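Topology and contacts: notes
The lines below spell out each chain.
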Amino acid sequence: MAAPAGLLARAALALLPEKPDKALMWVLVIILAPVALLALFFAGPIVIWERVPIASPDQVTIYVNAAKVVSDSTKSTCDPGVTVDWQPLLAIDAVRLNQDFSKANPARAEELARMFIEKAGTCQVCDGGDPPT
C-alpha cells in the first residue's frame, strides 16, 4: 500500500529548516552547487584553451626580447623613450597565430612591437642639429 501524500509531505517538511533563509541556502547548496561545479568542470578547460596564450618559455622570450629591443630603439639623448610591454604582443600573436607559436619568430615579434610606437616629433640633437638654447 502506498504512503498517504500527507505523510510524505510532512516528512519532506521535517527535513527542511524552519527559517526560510536557511531553506534558500539548502536549495542553493543542493541544486545550484553541483550544476555550477559541472559547468566549471567542462567549461574551464575550454575557456583556458580559447583565452590564455599557450606558449613555451622559449617562445615567450622572443616577445620579451622584441619588446626590449624596440623600447631601447626609442631612447635618445632628448627623450627617455617608450616602453613596450611584451604581454600585449604575446596576446595579439596568440590570436593572429591561432595559438600556434611555432610560427613565431623574432622578426615578426619586433615588427608587431614597432606597431606600438608612434613618432610624434623630432629631436634637433638626434637629427644632427644644434641643441635648443
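Refer to the preceding data block for the structure.
Attention in this report is confined to the structure presented alongside it.

The rules behind the values
- Residues numbered from 1 in each chain as written.
- Predicted model: local features only at pLDDT ≥ 70, side-chain atom pairs only at ≥ 80, totals over all residues.
- Heavy atoms only, no water.
- Helix = DSSP H or I, 4+ residues; strand = E, 2+ residues; numbered from the N terminus.
- Buried < 20%, exposed > 50% of the residue type's maximum accessible area, 1.4 Å probe, protein only.
- Polar contact = N/O pair within 3.5 Å; in protein donor to acceptor, adjacent residues only side chain to side chain.
- Contact = heavy atoms within 4.5 Å.
- Salt bridge = Lys/Arg side-chain N within 4 Å of Asp/Glu carboxyl O.
- Core = buried A, V, L, I, M, F, W, Y, C linked by side-chain atoms within 4.5 Å.
- Arc of directions from axis to C-beta.

Right, let's get into the side chain of Q99. Within the secondary structure layout, Q99 lies in the loop between α4 (86-96) and α5 (106-114). Overall, the relative accessible area of 14% leaves Q99 in the buried class. Polar contacts involving the side chain of Q99 include one to the main-chain amide nitrogen of I54, which spans 2.9 Å. Ignoring sequence-local partners within four residues, the contact set of Q99 consists of W49, E50, V52, P53, I54 and A94.

Moving on, we get to the pattern of salt bridges. With the rule as written, the count across this model stands at six salt bridges. A salt bridge links D72 to K68, with the nearest nitrogen and oxygen atoms 3.1 Å apart. With D72 and K68 both in helix α3 (residues 57-73) and four residues apart, the pair spans about one turn of that helix. Between D93 and R96 there is a salt bridge, and its shortest N-O distance comes to 3.1 Å. Here the residue D93 and the residue R96 both occupy positions in helix α4, the gap between them amounting to three residues, near one helical turn. The class for D93 is buried, based on a relative accessible area of 0%. Note on R96: relative accessible area 41%, which makes it partly exposed. The structure contains a network of salt bridges with shared partners spanning K68, D72 and K75.

Next up on the list: the nonpolar core. Core analysis: the largest hydrophobic core is formed by 16 residues, its most contacted members being Y63, V84, L89 and F101. Listing elements by their share of this core, those giving two or more residues are α3, α4 and α5. Element by element, the count of residues in this core is highest for α3, at six residues. Leave out the neighbours within four places in its chain, and F101 touches P53, I54, A55, Q59, Y63, L90, D93 and A94.

Restricting attention to buried positions, one finds in α4 the residues L89, L90, D93 and A94. In an axial view of α4, the angular spread of the buried residues amounts to 135 degrees, which keeps them on one side of the axis. Backbone geometry just downstream of α4 places N98 in the positive-phi region, at approximately 55 degrees.

Keep in mind that these numbers describe shape and distance, not what the molecule does.
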